[in-house]
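# Summary of structural features
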Amino acid sequence: MGIVKISDPLHESLRVASQALSRSINAQAEHWMRIGLLAELHPQLNHSELCQLLIRAEQEGGLDLARVAGWIQPVKAKGARA
């Protein structure tokens, strides 16, 4: 875990959003970072599609940046055909 320094106005926005969405400030910041990262990697996807990508990643064991970015190929299930 690291420390990220952000501006006071952005921190206030995080505080407001975290309360509105029932998340901790850290969880809200992490959510925004994930969405931003995915938006940069997949500019063709809209917000809803990015959220769906996050949900699928969670169902498959969590967000793996290398796999989502296409740096490595997904592991095929045993018995799966190419």
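In this text, all values refer to a predicted model and were calculated from it rather than measured experimentally.

## Here we look at the overall build of the chain
- Secondary structure assignment for the chain yields 4 helices and 0 strands.
- For the chain, the sequential pattern of α-helices and β-strands runs α-α-α-α.
- By residue count, 18% of the 82 residues in the chain fall in the buried class.
- Counting only contacts in the chain whose residues sit at least 6 apart along the sequence, the fraction spanning at least 24 positions is 14%.
- As displayed, the chain has an accessible area near 6,700 Å², and 56% of this comes from carbon and sulfur atoms.

## Brief notes about a nonpolar patch on the surface
- On the surface, Val4, Ile6, Leu10 and Trp32 cluster together to form a nonpolar patch covering roughly 350 Å² of accessible area.
- Looking at the element boundaries, Leu10 is found in helix H1 (residues 8-20).
- In this structure Leu10 comes out as partly exposed when scored by relative accessible area, which is 38%.

## A word on the pattern of salt bridges
- Under the criterion given, the structure shown has 2 salt bridges.
- Between Arg15 and Glu12 there is a salt bridge, with its nearest N and O atoms 2.5 Å apart. Taken together, the positions of Arg15 and Glu12, both in helix H1 and 3 residues apart, correspond to about one turn of that helix.
- The partner of Glu30 in a salt bridge is Arg34, with the nearest N and O atoms 2.7 Å apart. Of this pair, Glu30 and Arg34 are both found in helix H2 (residues 25-41), 4 residues apart, which corresponds to roughly one turn of the helix.
- Among the residues examined, Glu30 registers a relative accessible area of 40% and is labelled partly exposed.
- Given a relative accessible area of 33%, Arg34 falls into the partly exposed group.

Analysis parameters
- Residues numbered from 1 in each chain as written.
- Predicted model: local features only at pLDDT ≥ 70, side-chain atom pairs only at ≥ 80, totals over all residues.
- Heavy atoms only, no water.
- Helix = DSSP H or I, 4+ residues; strand = E, 2+ residues; numbered from the N terminus.
- Buried < 20%, exposed > 50% of the residue type's maximum accessible area, 1.4 Å probe, protein only.
- Contact = heavy atoms within 4.5 Å.
- Areas by Shrake-Rupley, 256 points an atom, 1.4 Å probe, with all protein chains shown as cover.
- Patch = residues over 30% accessible without salt bridge, like charges linked within 9 Å, V, L, I, M, F, W, Y side chains within 5 Å.
- Salt bridge = Lys/Arg side-chain N within 4 Å of Asp/Glu carboxyl O.

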